[in-house]
Each structure stands twice: as C-alpha cells, then as structure tokens.
Amino acid sequence: MKYPKPIMRISELQKMGFPQEYLMYAYHSRNQNFASKSNPTKKNSPIFFDTEGFEMWRLKEIKAQVTAMPRGG
C-alpha cells in the first residue's frame, strides 16, 4: 500500500480508511517501533506513525492471521 507521507498522524490514516480501533491496536502492540506520541507526558498528544514500519507490521499481522485460520479438509 502506498502512503502519501512517510510520517502520518492517526487522523490522516483514518481518512485513508483505517479504523481508529485498529490503529490503537497497532500503537499498543508489543514490540512495535513505528508509532509514538509527539510528547509522551501529555495525555492528548498526537500519535505519529512511521508508515513504512506500520505497513511491514500490517503485512505481518495479515500473514499471521491467515496462517492461524483453520483449514478445511
């Protein structure tokens, strides 16, 4: 997937069609290194995503979900 900018806010990613719940799941995922707050000490500080890292994480998540699906047979 192509992103218009290398660093994007959650609101910008939502405009592209990503649900807020999914973006927050990504942000809170263990060992993620692509999303952070601009000022972690402030509760309402905007969260920024490195879109390249986010896309790699997203593709790994999809692959893991497909692999975990039960196969009929």
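Please refer to the structure placed before this passage.
Residues numbered from 1 in each chain as written. Predicted model: local features only at pLDDT ≥ 70, side-chain atom pairs only at ≥ 80, totals over all residues. Heavy atoms only, no water.

Asks: Report on the packing of aromatic side chains, specifying residues and quantitative values.
Replies: Tallied over the entire structure, the rule returns twelve aromatic pairs. With 6.4 Å between their ring centres and 10 degrees between their planes, Phe18 and Tyr22 make a pair best called stacked. Here Phe18 falls in the buried class, since its relative accessible area comes to 9%. Through a chain of ring-to-ring contacts, three or more aromatic side chains come together here, namely Tyr3, Phe18, Tyr22, Tyr25, Phe34, Phe49, Phe54 and Trp57. (Phe/Tyr/Trp six-rings, centres within 6.5 Å; stacked < 30°, edge-to-face > 60°. Buried < 20%, exposed > 50% of the residue type's maximum accessible area, 1.4 Å probe, protein only.)

Asks: Mind laying out helix H2 (residues 20-28), listing which residues take part and the relevant values?
Replies: It helps to recall that an α-helix has 3.6 residues per turn; residues three or four apart then point in one direction. Listed as buried for H2 are Leu23, Ala26 and Tyr27. Burial along H2 is one-sided: seen end-on, the buried residues are contained in an arc of 100 degrees. What points out from H2, more than 90 degrees from its buried face, is the exposed set Glu21 and His28. (Helix = DSSP H or I, 4+ residues; strand = E, 2+ residues; numbered from the N terminus. Arc of directions from axis to C-beta.)

Asks: Would you mind going over the sheet that holds strand E2 (residues 35-37) in detail, with residue names and values included?
Replies: What the three strands build is an open sheet, ordered E1-E3-E2; its pairing is antiparallel. Every interior strand has two partners, whereas the edge strands, strand E1 (7-9) and E2, have only one. Going across the sheet, the axis of each strand differs from the next one's by a mean of 30 degrees, ignoring polarity. For E2 and strand E3 (residues 47-50), the ladder comprises three bridges, and the chain directions are antiparallel. Counterpart to Ser36 in the pairing with E3 is Phe48. This element, helix H3 (residues 51-68), spans E1 and E3 of the sheet and lies at about 75 degrees to E3. (Pairing = 2+ DSSP bridges. Axes fitted to C-alpha atoms, helices over the stretch in contact; angles between N-to-C directions. Contact = heavy atoms within 4.5 Å.)

Asks: Give a description of the pattern of salt bridges that names residues and reports values.
Replies: Tallied over the entire structure, the rule returns two salt bridges. The shortest N-O distance in the salt bridge between Glu12 and Lys5 comes to 2.4 Å. Residue Arg58 pairs with Glu55 through a salt bridge whose shortest N-O separation is 2.9 Å. One end of the pair, Arg58, and the other, Glu55, are both in helix H3, three residues apart, so they sit about a helical turn from each other. Across this residue pair, the class does not change: Arg58 and Glu55 are buried. (Salt bridge = Lys/Arg side-chain N within 4 Å of Asp/Glu carboxyl O.)

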